[in-house]
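# Examining the three-dimensional arrangement
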Amino acid sequence: MGKTVLLHLICGVLAVLSVSLVKADDPYRYYTWTVTYGTVSPLGVPQQVILINGQFPGPTLDVVTNDNMILNLINKLDEPFLLTWNGIKQRKNSWQDGVLGTNCPIPPNSNYTYKFQTKDQIGTFTYFPSTLMHKAAGGFGGLNVYERPSIPIPFPTPDGDFTLLIGDWYKTDHKTLQQSLDSGKSLPFPDSVLINGQKQSSFSGDQGKTYMFRISNVGLSTSLNFRIQGHKMKLVEVEGSHTIQNIYDSLDVHVGQSVAVLVTLDQPPKDYYIVASTRFTKAVLTATAVLHYSKSQTPVSGPLPAGPTYQLHWSMQQARTFRWNLTASAARPNPQGSYHYGKITTSKTIVLANSAPLINGKQRYAVNRVSYVNSDTPLKLADYFNIPGIFSLDSIQSLPSEGPISLATSVMPTSLHDFIEVVFQNNEKTMQSWHLDGYDFWVVGYGSGQWTPAGRKSYNLVDALTRHTAQVYPNSWTAILVSLDNQGMWNMRSAIWDRQYLGQQFYLRVWTSTHSLANEYNIPPNALLCGKAVGQHP
Ligand SMILES: *[C@@H]1O[C@H](CO)[C@@H](O)[C@H](O)[C@H]1NC(C)=O
Ligand SMILES: *[C@@H]1O[C@H](CO)[C@@H](O)[C@H](O)[C@H]1NC(C)=O
């Protein structure tokens, strides 16, 4: 064999390899994002925030199913930083998840290029900082994944599309909030609620036309209710699932969650209030924005549209009306309901009970008696390089038990391709919001009190919604089913940010003994190394 032939052969093999990793026919999108501090005054007083390319909130990512994202993130803060892609499943690719269990944080004046695909996804997502309390300062943004031209969506293309990031907000900067948590205090009550980082944003449209409002709760800890004066909202999508298109006057959106609604401008041309207000809080904080009809000469007026009062049961009932449209298309050319999740036998039940213990006199949060502490070495890298002593697989139990709380870098072992039931048991008086990276899951049931196997009788095993973040009501439970089809090290965490910061999280290791690129990609050649992984070779 001549040298040239051999070279061609090798190039051919390499080409095939790289094609199998990232589909060449899916477009590439390149971004360079620089993260800096900046000053804005959303509440009338200047405060330090985190900017991305000079913007607060960060730029909206508008992408298409299966796009390949090449995003170089340059950290100009004085602290290590990471972004995580909330709801992007990172198939076979927990290397790019952007949390401290999978990635070394980007040191100040340094950069990391994320490479991931929005594989088989469609819908409304977000990104935000996963490090320290940076989320309290901004750095978050919308991440909208549009359908490919070949995929019909189950509603007419809207005449316009608005991204609304709603969330509680503090005047206090992220370092002060962090110091307060570090010193053992719990998070104070927020100062306000913002919509797209402001108290006065405005969204404009033409009478008679229909607009999509993509609403995400990017706040730290507070559930919100969203509504528009004089207008009905048709729910069409929740975190990547197309829903039964019910009509709502107002919607509860819990921390970390996203919903997309269609709103027809069917009222007389004037301006209308858009409202986001806190739920289940003694004092109700409210943010307003304006829905402006293009021909309007009349400013907003009248009382704000009323939201629910405390009404926990109302909220739980509303959550049960969020259902999958089984005949609607998904990101791939097949109906969403063609996978009959309710007929699959679960191989394991995990019950996760949250708690708020004091440890050494300091406020911590825990799940199944373990309060998580970060390791200097990302768990994913420890696993890959066989570095001992970083985590152990028996550090957290899969069922709650009585006894003292401990601090640990907790990892729960599971097997690739298992189909599991997870019950979030909330015996506290506060709202919970649980998120799992790498997955979406069917939210099959919400119930009051203590979950027992009898609770399964109430599960929706036909048309429950899939989503990535599920709320759990006070003294209640929420049950989900998860198909563990994505190998990796995945963060299961409270989306309520002070709780995850102080330990209400762990990692789910979805593993198989078979090493195969069909199950998991190789470590990226540009992976940052830190802790005990320094000096290893990716
Ligand atoms: C940092 O950015 C440069 C391009 O400016 C890129 O070549 C390099 O791979 C990036 N570093 C990492 C760790 O991704
Ligand atoms: C479900 O989606 C289909 C489109 O595939 C649509 O025609 C139908 O109206 C939707 N059903 C409901 C109840 O929203």
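Cut-offs and rules
Residues numbered from 1 in each chain as written. Chains lettered and ligands numbered in written order. Predicted model: local features only at pLDDT ≥ 70, side-chain atom pairs only at ≥ 80, totals over all residues. Heavy atoms only, no water. UniProt positions renumbered as here; feature names shortened; annotations may be inferred. Helix = DSSP H or I, 4+ residues; strand = E, 2+ residues; numbered from the N terminus. Rg over C-alpha atoms; globule rule 2.2 N^0.38 Å. Buried < 20%, exposed > 50% of the residue type's maximum accessible area, 1.4 Å probe, protein only. Contact = heavy atoms within 4.5 Å. Areas by Shrake-Rupley, 256 points an atom, 1.4 Å probe, with all protein chains shown as cover. Phe/Tyr/Trp six-rings, centres within 6.5 Å; stacked < 30°, edge-to-face > 60°. Lys NZ or Arg CZ within 6 Å of the ring centre and 35° of its normal. 1 Å grid on protein atoms, 1.4 Å probe; cavity = no way out; pocket = protein on both sides within 12 Å on 5 of 7 lines; lining within 4 Å. Points joined across faces, edges and corners; volume = space filled by probe spheres on them. Domains from an automatic or database assignment. Near = heavy atom within 4 Å. Polar contact = N/O pair within 3.5 Å; in protein donor to acceptor, adjacent residues only side chain to side chain. Nonpolar A, V, L, I, M, F, W, Y, C, P; charged D, E, K, R; others polar. Core = buried A, V, L, I, M, F, W, Y, C linked by side-chain atoms within 4.5 Å. Buried area = accessible area lost by both parts, 1.4 Å probe. Salt bridge = Lys/Arg side-chain N within 4 Å of Asp/Glu carboxyl O. Arc of directions from axis to C-beta. Pairing = 2+ DSSP bridges.

Named according to an unreviewed UniProt entry, the protein is L-ascorbate oxidase homolog originating from Liquidambar formosana. Listed in UniProt under the heading Sequence similarities (unreviewed entry), the comment for the protein reads: "Belongs to the multicopper oxidase family."

## What about the overall build of the protein?
Assigned secondary structure in the protein consists of five helices and 35 strands. By the compact-globule yardstick of 24 Å for 538 residues, the protein fits well, its C-alpha radius of gyration being 23 Å. Buried residues in the protein amount to 57% of all 538 residues. A sequence separation of at least 24 residues applies to 78% of the contacts in the protein between residues at least 6 apart. Summed over all atoms, the accessible surface of the protein reaches about 21,200 Å², with 55% contributed by carbon and sulfur.

## Some words on the packing of aromatic side chains
Inspection of the entire model under this criterion finds 31 aromatic pairs. Put simply, the rings of Tyr 31, Trp 33, Trp 85, Tyr 112, Tyr 114, Phe 116 and Tyr 127 pair up and form one aromatic cluster. Its end group placed over the ring of Tyr 272, Lys 270 keeps NZ or CZ at 4.7 Å from the ring centre. Lys 380 extends its terminal NZ or CZ atom over the ring of Trp 95, reaching a point 4.7 Å from the ring centre.

## Observations concerning empty space enclosed by the protein
Considering all chains together, one arrives at five cavities of 30 Å³ or more under this definition. Of the pockets and cavities examined, the largest cavity occupies roughly 100 Å³. What lines the largest cavity is a set of 16 residues, among which Phe 140, Gly 167, Asp 168, Trp 169 and Val 218 lie closest to the centre. The element that contributes the greatest number of residues to the lining of the largest cavity is strand 9 (residues 160-169), accounting for five residues. Both domains that meet at the lining of the largest cavity, namely domain 1 (25-146) and domain 2 (160-320), each give it at least three residues.

## What about the site of ligand 2?
Near ligand 2, the surroundings consist of Pro 154, Ile 244, Gln 245, Asn 325, Thr 327 and Ala 328. Backbone polar atom of Gln 245 to an oxygen atom of ligand 2: 3.0 Å apart, as the coordinates give it. Contact between ligand 2 and Asn 325: an oxygen atom at 2.3 Å from a side-chain N or O atom of the residue. Taken by itself ligand 2 offers 360 Å² of open surface, and the protein chains cover 52% of this. A breakdown of the residues in the shell around ligand 2 according to their chemical character gives three nonpolar, three polar and no charged.

## A word on the nonpolar core
One finds Leu 164, Ile 195, Phe 213, Ile 215 and Ile 274 to be the most contacted residues of the largest nonpolar core, which totals 45 residues. Counting residues per element, this core draws most heavily on strand 20 (residues 286-293), at four residues. Aside from chain neighbours lying at most four places away, what touches Ile 215 is Leu 164, Ile 166, Phe 226, Val 253, Gln 257, Ser 258, Val 259 and Val 261. Within the second largest apolar cluster, 32 residues are counted, among which are Leu 416, Val 443, Phe 506 and Val 510.

## Some thoughts on the domain arrangement of the protein
The extent of an interface is frequently quoted as the accessible surface area lost upon association of the parts. By the assigned domains, the protein splits into domain 1 (25-146), domain 2 (160-320) and domain 3 (339-533). For domain 1 and domain 2, the distance between their C-alpha centres works out to 22 Å. Facing 30 residues of domain 1, the contacting portion of domain 2 comprises 31 residues. Both faces considered, domain 1 and domain 2 share a buried interface measuring about 2,600 Å² in area, 64% of it formed by carbon and sulfur atoms. When the buried surface of domain 1 facing domain 2 is broken down by residue, Leu 43, Thr 124 and Met 133 rank first, second and third, together holding 26% of it. Taken together, the links from domain 1 to domain 2 amount to one salt bridge. Remark: the boundary between domain 1 and domain 2 carries eleven residue pairs in polar contact (both at pLDDT 80 or more). Looking at the side of domain 1 that touches domain 2, the elements with two or more residues in it are strand 2 (47-52), strand 7 (123-129) and strand 8 (141-146). Its residues assigned to classes, the side of domain 1 that touches domain 2 shows 15 nonpolar, twelve polar and three charged.

## Remarks on the site of ligand 1
Taken together, Asn 72, Asn 111, Tyr 112, Thr 113, Asn 526 and Leu 528 make up all the residues around ligand 1. Between ligand 1 and Asn 72 there is a distance of 3.0 Å, counted from an oxygen atom to a side-chain nitrogen or oxygen. Residue contributions to the shell around ligand 1 peak at three residues, all from strand 6 (residues 110-117). A per-class count over the shell around ligand 1 returns two nonpolar, four polar and no charged.

## As for helix 3 (residues 312-320)
Among the residues of helix 3, Ser 315, Met 316, Gln 318 and Ala 319 are the ones counted as buried. Down the axis, helix 3 shows its buried residues gathered within 160° of arc, on one side only. Here the buried face of helix 3 lies against strand 16 (247-248), strand 17 (250-253), strand 30 (441-448), strand 32 (469-472) and strand 33 (476-483).

## Structural notes on the pairing of strand 4 (residues 68-75)
Among the eight residues that make up strand 4, six are buried, leaving the element largely enclosed by the rest of the structure. As judged from the eight bridges shared by strand 1 (residues 28-40) and strand 4, these two strands associate in the parallel manner. For Thr 32, the partnering residue across the bridge sits in strand 4 and is Asn 72. The sheet contact formed by strand 4 and strand 6 spans eight bridges and is antiparallel. Note that in strand 6 the partner of Leu 71 across the bridge is Tyr 114.

## What to know about unusual backbone geometry
Between Phe 56 and Pro 57 the backbone carries a cis peptide bond, its omega angle lying at -10°. With respect to the helices, strands and loops of the structure, Pro 57 is situated in the loop between strand 2 and strand 3 (61-64). Positive phi, normally seen in glycine, also occurs at Gln 90, with a value near 50°. The exposure class of Gln 90 is buried, given its relative accessible area of 1%. Even without glycine at this site, Glu 239 takes up a positive phi of about 45°. Tracing the backbone shows Glu 239 in the loop between strand 14 (233-238) and strand 15 (241-242).

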